[in-house]
Structure formats: structure tokens, C-alpha cells
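One letter stands for each residue in the lines below.
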Amino acid sequence: MSSNKLHINRIHLHFLLKQMIRIRRFEERCVTLYNEEKIRGFLHLYNGEEAIAVGVMQALTAQDAVLATYREHGHALARGLSMNALMAEMFGKASGCSGGRGGSMHLFDSSQRFYGGNAIVAGALPLAVGIALADKMLKRQTVTCCFFGEGAVAEGEFHESLNLAKLWQLPILFICENNLYAMGTPLEFEESNQKIHLKAASYGLAAQVIDGMNVIDVEAAAKLACSAIRSGAGPHFIECRTYRFRGHSMFDTQLYRNNDEIEQWKKKGPVIQLSQWLKDNHQIEPEELQAIELAVEKEIDAAVQSADAADIEPVEGLLDHVYTEVSHG
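Residues numbered from 1 in each chain as written. Predicted model: local features only at pLDDT ≥ 70, side-chain atom pairs only at ≥ 80, totals over all residues. Heavy atoms only, no water.

## Some thoughts on the pattern of salt bridges
Here is step 1 of the chain: Counted under the stated rule, the structure contains 15 salt bridges.
Here is step 2 of the chain: The shortest N-O distance in the salt bridge between Arg24 and Glu50 comes to 2.5 Å. Taken as a pair, Arg24 in helix H1 (residues 10-35) and Glu50 in helix H2 (residues 50-57) lie far apart in primary sequence, 26 residues in all.
Here is step 3 of the chain: Residue Arg24 is classed as buried on the basis of its relative accessible area, which comes to 11%.
Here is step 4 of the chain: Its salt-bridge partner being Glu219, residue Lys223 comes within 2.8 Å of it at the nearest N-O pair. Taken together, the residues Lys223 and Glu219, both in helix H9 (residues 215-230) and four residues apart, mark about one turn of the helix.
Here is step 5 of the chain: Given a relative accessible area of 41%, Lys223 falls into the partly exposed group. (Salt bridge = Lys/Arg side-chain N within 4 Å of Asp/Glu carboxyl O. Helix = DSSP H or I, 4+ residues; strand = E, 2+ residues; numbered from the N terminus. Buried < 20%, exposed > 50% of the residue type's maximum accessible area, 1.4 Å probe, protein only.)

Following this line, the structure appears as C-alpha cells:
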């Protein structure tokens, strides 16, 4: 485990652990609700990758922008979106963060500068370039953080976006969540060079690869990168090596990998890593861990109850937000 933990406030370590547990338990409840058909459509779980969203968010301010993939429950919760609003969105209710129109893949909250949830692979990358360019032109001292998976690296938008980001010295933090399989294709079958950070470096970006299962390492790398970006150093790229414990989606039979591999990765999962370190170093008592779990369970129960009772969008609002209202005045 990283020696960085020895220099971090105990309260902060407990906070990081709670945030990862919130994401894990939220998604586990979503699986149950999906099987009960309370949640419909697609459901892509972040289970196993929680350290990345939680670690990176510690380096961002409320003014920074965040874009994510369709596996974005963890990013939304770590960013600070209300769990009630997220659960309502999962239920397709009007009180959801996207008005019940987006569902699991399109979580959105402009008040938090959280711009999705994007169902198109690599779709967030050019959006990040546009947002960062706008912020730079408006002379805002902000960072645009863009999360994406290694599957996006095979798309043209990846190369176009990195090229423009460096060419224009845009304040972007690119976070590649490399979980090794994209939808279901092993990385070595889709990329001739599996060292993704080197692809970013070829465009002139400062790039590195880190252990994406270790929340402290992720936080440290993100803070250093954001500090450099804010000082005018241009875009930075972090490849986080990680692993999803569940399939690509709820329909995934996972024939491309075996259970032994999954179990080996689970042993070094982010929640286990941090909680075990805290126990071994006498930084958390059993009753404190139990209190965290209980508080999270109550928060989720309240969110489910609220979503269950919420209203669906009225039929008369079906065409709202479909067409732009044009003023002729």
C-alpha cells in the first residue's frame, strides 16, 4: 500500500472510504431495483472503479467542469449530486437530475458543472475540448476533467481531442479508466500498443499511468496534474489501471473472462484496500466502519423511498426540451 496514507489526515481517509462505500452500496441497491423492474433500460455499474472518481474529485473545485461516460453513477455521487436526484433519475421520475429523461446513462447537473453521462463512446472528449476552450476564452481559472474508458482510445475523437487540447494548450485533465476490456474485448485484441498513456504523450501531453485501485495514489496524481494545469502547463493525461467487478452491463454474460481473474482483482479492490489499511494501522475502529455502513444504508433507503413516491413527468410535457425556443423579438 502507498506510504502516502501515513501523511494524510485520518478524517480525510474516513471521508474517502465513505465516498467509495456510498458508490458501491448505491450500485448494489440499483442491481436489486433493476431485477425488481423499478429501474429499466441499460445499467452500467462502476463496481471496482470507485477509487478513480473519488480520488480525482478531491483535486477539483466547484467551478471546474466534469464530463463522464455512461458508467457515471460514481462520478455523479463523488461530484456531489444528490443521491435522491440520482435515484429518481434511475427510476425515470420528474424529480431526477435529468428530469427523468436521461436515466442511468445520462446523469446531468449544470449547477454542479457536471455535464454527463454520455452514451456515445468517446463522446465526452470533444465536449471537454469545447468547454475548456470556452473557459479559456472567458479567462476562467478552471479545469475541465474528462473521464473515459480505454475503449474510447480506438475512436477518432480521442486523437482529434488530444491533438487540439495540446495545440491550444487547454486546461483539461484527461482521465482514462483502463479496465482492460472495453465492452468485452481484451485490450491486447484492440490496441497494438496497450500503453495508452504513451499515445497521449505522442501528442505532447504530460502523461502517466497509475494504480487506479488505490484512491490515495489517484488523489495525489490528480492534485499534481491540476496544479500544473492551473499554472498554465496545458492538458495532462492520467491512465488509471482498474477493473470492473461486474459485466459491461446487466446483459453481459462475461464469456470473455473467467471467475478466477475477477476474484484476484477483487482482493485488491479500492474499498478493501483502504479499509484494510485503516484497520492494520489502527486508524479505524470496527464500530466506526459499522457507523459508515449504517449511514450509507439510511441514505440509500431514503433515496429509494423518495424515488418511489416521486411523480413521473406529465404527458403534456413530452415535447419540452426537444426543440429550442427561438425568440423573434
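## Here's the deal with the layout of surface pockets
If you roll a probe as big as a water molecule over the atoms, it shows you where there is empty space left.
Here is step 1 of the chain: By volume, the largest pocket amounts to about 330 Å³.
Here is step 2 of the chain: What lines the largest pocket is a set of 24 residues, among which Tyr70, Val121, Gly149, Gly151 and Ala152 lie closest to the centre.
Here is step 3 of the chain: The leading source of residues in the lining of the largest pocket is strand E2 (residues 144-149), at three residues.
Here is step 4 of the chain: Of the residues assigned to the lining of the largest pocket, the class counts are 11 nonpolar, seven polar and six charged.
Here is step 5 of the chain: Of the voids in this model, the second largest pocket is the one considered here, and its volume is about 200 Å³.
Here is step 6 of the chain: If you trace the second largest pocket, you find it lined by Lys136, Lys139, Arg140, Gln141, Thr142, Gln169, Leu170, Pro171, Ile229, Arg230, Gly232 and Gly234.
Here is step 7 of the chain: Its residues assigned to classes, the lining of the second largest pocket shows three nonpolar, five polar and four charged. (1 Å grid on protein atoms, 1.4 Å probe; cavity = no way out; pocket = protein on both sides within 12 Å on 5 of 7 lines; lining within 4 Å. Points joined across faces, edges and corners; volume = space filled by probe spheres on them. Nonpolar A, V, L, I, M, F, W, Y, C, P; charged D, E, K, R; others polar.)

## A look at the sheet that holds strand E5 (residues 236-241)
Here is step 1 of the chain: Spatial strand order, E1-E2-E3-E5-E4: five strands in an open sheet with parallel pairing. The sheet terminates laterally at strand E1 (65-67) and strand E4 (206-211), the two strands that pair on one side only. Between one strand axis and the next, the sheet turns by 15° as a mean value, whatever way the strands run.
Here is step 2 of the chain: Both strand E3 (residues 172-178) and E5 contribute to a ladder of six bridges, which runs parallel. The residue bridging Asn178 from the neighbouring strand is Arg241, located in E5. (Pairing = 2+ DSSP bridges. Axes fitted to C-alpha atoms, helices over the stretch in contact; angles between N-to-C directions.)

## Focus on unusual backbone geometry
Here is step 1 of the chain: Of note, Ala122 is a non-glycine position whose phi angle comes to about 75°, a positive value.
Here is step 2 of the chain: Following the sequence through the fold, Ala122 ends up in the loop between helix H4 (83-90) and helix H5 (124-137).
Here is step 3 of the chain: With a phi close to 50°, Ala182 is a non-glycine residue in the positive phi region.
Here is step 4 of the chain: With respect to the helices, strands and loops of the structure, Ala182 is situated in the loop between E3 and helix H7 (187-190).

## Focus on the nonpolar core
Here is step 1 of the chain: Membership of the largest hydrophobic core comes to 67 residues, with the highest contact counts inside it found for Leu17, Phe26, Val56, Met87, Phe147, Leu173 and Ile175.
Here is step 2 of the chain: For this core, the leading source of residues is H1, giving 11 residues.
Here is step 3 of the chain: Setting aside its immediate chain neighbours within four residues, Phe147 contacts Ile52, Ala53, Val56, Met57, Val66, Leu67, Ala68, Thr69, His75, Ile175 and Glu177.
Here is step 4 of the chain: Ala124, Val129, Val153 and Phe174 belong to the second-largest nonpolar core, a separate cluster that totals 25 residues. (Core = buried A, V, L, I, M, F, W, Y, C linked by side-chain atoms within 4.5 Å. Contact = heavy atoms within 4.5 Å.)

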